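Per-entry structural report
Here is how the chains run, residue by residue.
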Amino acid sequence: MIRALLAGAILAAPPALAGSVTPVEYDDMAAQLSGHVDFESYPTLPEPGLALTGPLVFPGLSIGARLRGQSIESTDGFELLTGQPTLPLIADIGGKAAVLAVAFHAGFGSTAGFPLGPDGFAQRSGRGEGALAFVFDGTITGFALKLHADYADPLGARPQPGPVMLTFFAPSGHEIARHTVTPAHGVTKIAVQVTPPAAAITLTHRDPGGIAIDDIRYSLDSPGS
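What counts, and at which threshold
- Residues numbered from 1 in each chain as written.
- Predicted model: local features only at pLDDT ≥ 70, side-chain atom pairs only at ≥ 80, totals over all residues.
- Heavy atoms only, no water.
- Helix = DSSP H or I, 4+ residues; strand = E, 2+ residues; numbered from the N terminus.
- Contact = heavy atoms within 4.5 Å.
- Areas by Shrake-Rupley, 256 points an atom, 1.4 Å probe, with all protein chains shown as cover.
- Buried < 20%, exposed > 50% of the residue type's maximum accessible area, 1.4 Å probe, protein only.
- Phe/Tyr/Trp six-rings, centres within 6.5 Å; stacked < 30°, edge-to-face > 60°.
- Salt bridge = Lys/Arg side-chain N within 4 Å of Asp/Glu carboxyl O.
- Pairing = 2+ DSSP bridges.
- Core = buried A, V, L, I, M, F, W, Y, C linked by side-chain atoms within 4.5 Å.

Moving on to the overall build of the protein. Assigned secondary structure in the protein consists of two helices and 16 strands. Restricting the contact set of the protein to residue pairs at least 6 apart, pairs at least 24 apart contribute 75%. As displayed, the protein has an accessible area near 10400 Å², and 56% of this comes from carbon and sulfur atoms.

For the rest of this paragraph, the subject is the side chain of T111. Mapped onto the elements, T111 comes out in strand β11 (residues 110-115). Note on T111: relative accessible area 0%, which makes it buried. With residues near it in sequence (within four places) discarded, T111 still touches D38, F39, E40, P43, T44, V102, A103, F104 and D214.

Enumeration over the complete set of coordinates arrives at four aromatic pairs. Both rings, one in F136 and one in F143, keep their centres 6.1 Å apart while their planes meet at 70°; by these two values the pair is edge-to-face. Judged by its relative accessible area of 6%, F136 is buried. Accessibility expressed as a relative area gives 2% for F143, which makes it buried. With 5.8 Å between their ring centres and 45° between their planes, F136 and Y218 make a pair best called tilted. Separated by 82 residues along the polypeptide, F136 in strand β12 (residues 132-149) and Y218 in strand β16 (residues 211-218) bring together distant segments of the chain. Each residue in the set F134, F136, F143 and Y218 is aromatic and connected to the rest through ring pairs, giving one cluster.

Below, the discussion takes up the pattern of salt bridges. Proximity of charged atoms lets side chains of opposite charge pair with each other. In this structure the tally under the stated criterion is seven salt bridges. Note that D27 and K189 form a salt bridge whose closest N and O atoms lie 3.4 Å from each other. Placement of D27 in helix α2 (residues 26-32) and of K189 in strand β15 (residues 186-205) is noted, with a sequence separation of 162 residues between them. Taking the relative accessible area as the measure of exposure, D27 reaches 49% and is therefore partly exposed. We classify K189 as partly exposed; its relative accessible area is 44%. Between R178 and E175 there is a salt bridge, and its shortest N-O distance comes to 2.8 Å. What emerges from the salt-bridge pattern is a single network uniting R66, R68 and D92.

On to the pairing of strand β10 (residues 100-105). Where burial is concerned, most of β10 is hidden: five out of the six residues are buried. Relative to β10, strand β3 (residues 50-52) runs antiparallel, the two sharing three bridges. Bridge pairing links L50 to V102 in β10.

Within the largest apolar cluster, 37 residues are counted, with the highest numbers of intra-cluster contacts made by F134, F143, F168 and I216. Put simply, the parts of the chain that give this core at least two residues each are β4 (56-58), β5 (61-64), β10, β12, β13 (164-169), β14 (175-181), β15 and β16. Broken down by element, the residue count for this core peaks at eight residues, all from β12. In this structure, I216 is in contact with G35, H36, V37, F39, I63, F134, F143, A144 and L145, ignoring residues within four places of it in sequence.

So, on to the pairing of β12. Burial of β12 is extensive: 15 of the 18 residues sit out of reach of the surface. Pairing of β5 with β12, which is carried by four bridges, proceeds in the antiparallel orientation. Across the sheet, I63 pairs through a bridge with F134, a residue of β12. Sheet topology note: the β12/β15 ladder contains 13 bridges and is antiparallel. Among the inter-strand pairings, H148 is bridged to a residue of β15, identified as V187.

Relative to the assigned elements, F114 resides in strand β11. When the C-alpha atoms of F114 and I213 are compared, they prove to be 6.6 Å apart, with 99 residues separating the residues in sequence. Not counting the four nearest positions on each side in its chain, F114 is found in contact with E47, V99, L100, A101, A103, H105, R127, G128, I211 and A212.

Following this line, the structure appears as structure tokens:
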């Protein structure tokens with residue numbers, strides 16, 4: 001009986017696919033992708049800016065705090081995503097009051113998005129510390145975004161930014177691959193090619209100063225369509 005239960009549990013969790021993620025040049029990838037989110041349609045406001053409840057819907061893309069079926073867990077002020085997404089893949093707010101704040105960001109020189117973490121919009125410690133989920137209308141083989149990681153320290157001793165983790169999911173809900181980036185202070189351009197094509201991506205991080213994102217690039221058409 002125990003052996004049968006263990007076998008059922010193993011079958012219940014979709015295995016990871018033997019996929020791959022390859023870093024490429026952001027500018028080259030951006031030139032190939034017609035989908036673009038830059039948050040400039042929102043009011044230009046100083047921080048803390050405007051809280052957006054979500055899920056946020058753009059042409060060919062929706063953005064939430066998790067994939068439906070996942071759990072959001074708070075660890076040391078950051079958000080982690082656990083569990084398997086349900087089908088169809090849907091960007092979900094996970095019961096949060098807001099997914100992102102948008103405000104003018106001096107580092108980008110434009111309006112950017114700040115993922116809201118466990119401390120929420122009202123506290124500085126909550127802005128930039130959250131997880132995100134990107135769900136596409138089709139599937140994508142290329143994805144890019146600009147990310148800003150910084151830590152304002154009045155003593156002038158900033159710690160290094162923490163890692164940013166991207167997890168790619170197939171339309172079946174199977175995990176394709178994971179990609180970890182350790183950004184520098186300031187703006188980091190992230191661009192990747194993923195095989196097989198992905199239908200969703202989650203982003204989590206452990207950056208002590210919080211992150212902001214801008215200029216998200218993706219395909220508006222499924223490969224081969």
